[in-house]
Amino acid sequence: MPCPGGTARDVKSSQQRENQNSRKTDEQPAEPLASGTWISRSPAQTVELGTKTGRSLAKGDVVALYGELGSGKTTFVKGLAAGLGAEREEGVRSPTFVLLNLYKGRLPVYHIDLYRVHSLERLRDMGYEDYAFGEGVTVIEWAERAEEALPERTMRVWFRSVGKRSREIRIQVPAGKGGIER
Amino acid sequence: MLCLGIETSCDETAAAVVRDGREILSNIIATQLDLHAEYGGVVPELACRRHAQLIDRIVEKALKEGGVSLKDVGLVSVVQGPGLIGALLIGVNFAKGLAWSRGLPLVPTNHVEAHVYSCFMSNPQMELPAIGLVASGGHTSLFIMENVGRYRKLGETTDDAVGESFDKVASLLGLPYMGGPHVEKLALKGDANAIPFPRGLSKKKKSYDFSYSGLKTAVLYHVKGYGNKKRDPDKLSDQEKADVAASFQEAALEVLVQKSLRAAEQFRAKSIAVGGGVSANQRLRTLFAEGARNLALPVYFPERRLCTDNAAMVAGLGHWLYAQDPGSATYDFDARASMDFLR
């Protein structure tokens, strides 16, 4: 699995704090996000990084999440959905069994979980292609189970437990993203 | 009146014939059959294609086993959602075609609500209002049931569903895939007090929400360690694994029971109704029985064949909805991946 390099940064950077209050409601992606590695020291910080990621996303984007059980993927999606303006009452929950959850934000968020999906065919069964190439943002947990189905311009995020509450989160923003071309 | 129920929301292709919303004449679930032996040839793993290949034969078998023919059926009921859209479409379109061609009314139903209704089917004496709990792989919801069709949400999981946490713990302990029932079995040999796993959101006295993500992570740390204190889970002895299973199960189920009982007291419910796959767990049933004894509160569970996904509960609920309001029958509806029955 290719991983981006870069020095680990603390999630609570000053840049992060500045971005916290600005919330875009139109379809323009808000703050661009650079590839890099973050250390989150709590679930709240993981949510925060997810929020920042969510704000950087645009229609048709696919975000692939990798990492063991309990490494913070669903927690990250809570923030990501919030960053896309998803309503609070449509709480983000694990889609392990239902396979797909939909949240309505400034863009629809399709939250897919491939934990139980062991074949690409099964993924097509879910109507995955309708979502991933549609009007919204698609975020996929256990994305390694469908690596070959991911579009070229997928944003990839790796999660790793490095302490009881600490997580190393590496984000690889696809080439062409990052706010310049959009 | 006979109702034919059809369910294709996830992995199971199922059909059932139910008389007057309660009496189950047949209850066919495809995965319970030896498909290769019965039909010959390869049955694809792909749920959607498999549903399409099996649905007419499963329906035929449900009619045959129920000792009825299609002309005896007065109503068709089908799961509209939530579930896999590709899978749901097969059932919905099949049901529409069948009902339309025979001029039968068709009632769309909610899969999760059907799990609640299964409690009524098994316990006609149930008194209302009841506190309803749906505990399964995909759902953990607590609500007040004033009547079938009338629910008020109290709380639900904020992250993982309880059945999901059972399956993930099974995987951590090296038990077979989708191993919820294996955890229950292993827990019988373990000490439920061996490890003080966290009871998610149990201290929030006013909240009826649930959380299983923290419990899952606590089990993960116990089994595999964390940071530079990694452990090899294979080195756990059988007794240690059984203790993890028992302690986890206790933590997971205790919160369900505690919150259900508290809700029953607060809202003066006359009973508690538990549905969904986890309602088949024997330890859950025991904990409820112990907890409700002092309150003299009856707790009802579906019979076991109705705990997991099935079409009898769909036929039952469809009949009930139609009896309450014939306007609930329609051909004008679509399959829906997300669908909330709690209003």
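As the structure is a prediction and not an experimental result, all values here were calculated from the model. (Residues numbered from 1 in each chain as written. Chains lettered and ligands numbered in written order. Predicted model: local features only at pLDDT ≥ 70, side-chain atom pairs only at ≥ 80, totals over all residues. Heavy atoms only, no water.)

### Describing the overall build of chain B
Under the convention used in this document: Secondary structure is summarised from DSSP: a helix means a run of H or I of at least four residues, a strand means a run of E of at least two, and numbering begins at the N terminus for each. C-alpha atoms define the radius of gyration in this analysis, and the globule rule sets the expected value at 2.2 Å times the number of residues to the power 0.38. Throughout, exposure labels follow a simple rule: accessible area from a 1.4 Å probe, protein chains only, divided by the maximum for the residue type, with under 20% read as buried, over 50% as exposed, and the rest as partly exposed.
If you tally the helices and strands in chain B, you get 10 helices and 10 strands. A compact globule built from 343 residues would reach a C-alpha radius of gyration of about 20 Å, and chain B, at 21 Å, matches this within 12%. A principal-axis box enclosing the C-alpha atoms of chain B has dimensions of 65 × 50 × 30 Å. Every one of the 343 residues in chain B was classed for burial, and the buried ones make up 60%.

### Brief notes about the environment of Asp325(B)
Residue and element names in this part refer to chain B. This is how it is decided: Polar contact is defined as a pair of N or O atoms within 3.5 Å, subject to the rule that within protein one atom must be able to donate a hydrogen and the other to accept it, and that residues adjacent in sequence are counted only when both atoms are side-chain atoms.
Turning to its location among the elements, Asp325 is positioned in the segment after helix 10 (312–324). Judged by its relative accessible area of 42%, Asp325 falls in the partly exposed class. Of note is the side chain of Asp325, whose polar atom sits 2.8 Å from the backbone nitrogen of Gly327.

### As for the state of the cysteines
Residues and elements named next belong to chain B. Counted only if it meets this: Note on terminology: disulfide denotes any pair of cysteine sulfur atoms within 2.5 Å.
Counted according to the given criterion, the structure contains 0 disulfides over all chains. Cysteine Cys3 remains unbridged, with the sulfur of Cys119 as its closest cysteine sulfur at 19 Å. Here Cys3 falls in the buried class, since its relative accessible area comes to 0%. With no disulfide of its own, Cys307 lies 8.4 Å from the sulfur of Cys119, the closest cysteine sulfur.

### Concerning the pattern of salt bridges
Keep this limit in mind: Any carboxyl oxygen of Asp or Glu within 4 Å of a side-chain nitrogen of Lys or Arg constitutes a salt bridge here.
This model, assessed by the stated rule, comprises 16 salt bridges over all chains. In this structure, Arg19(B) and Glu23(B) form a salt bridge, with 3.6 Å as the shortest nitrogen-oxygen distance. The residue Arg199(B) makes a salt bridge to Glu254(B) at a minimum N-O spacing of 3.0 Å. Remark: Glu254(B) occurs in helix 8 (residues 238–266) and Arg199(B) occurs in the loop between helix 6 (180–187) and helix 7 (213–224); sequence separation between them is 55 residues. The network of salt bridges with shared partners includes Arg93(A), Lys153(B) and Glu156(B).

### A word on the confidence of the model for chain B
Residue and element names in this part refer to chain B. Under the convention used in this document: Within a predicted model, pLDDT stands for the predictor's per-residue confidence, ranging from 0 to 100. Two residues qualify as a contact provided that any one of their heavy atoms is within 4.5 Å of a heavy atom in the partner residue.
For chain B, the mean per-residue pLDDT works out to 90, and 94% of the residues sit at or above 70. Scored below 50 in pLDDT, residues 40–44 makes 12 contacts in the model with residues more than four places away or belonging to other chains. Interface predicted TM-score (ipTM) for the complex: 0.75; the corresponding pTM is 0.83.

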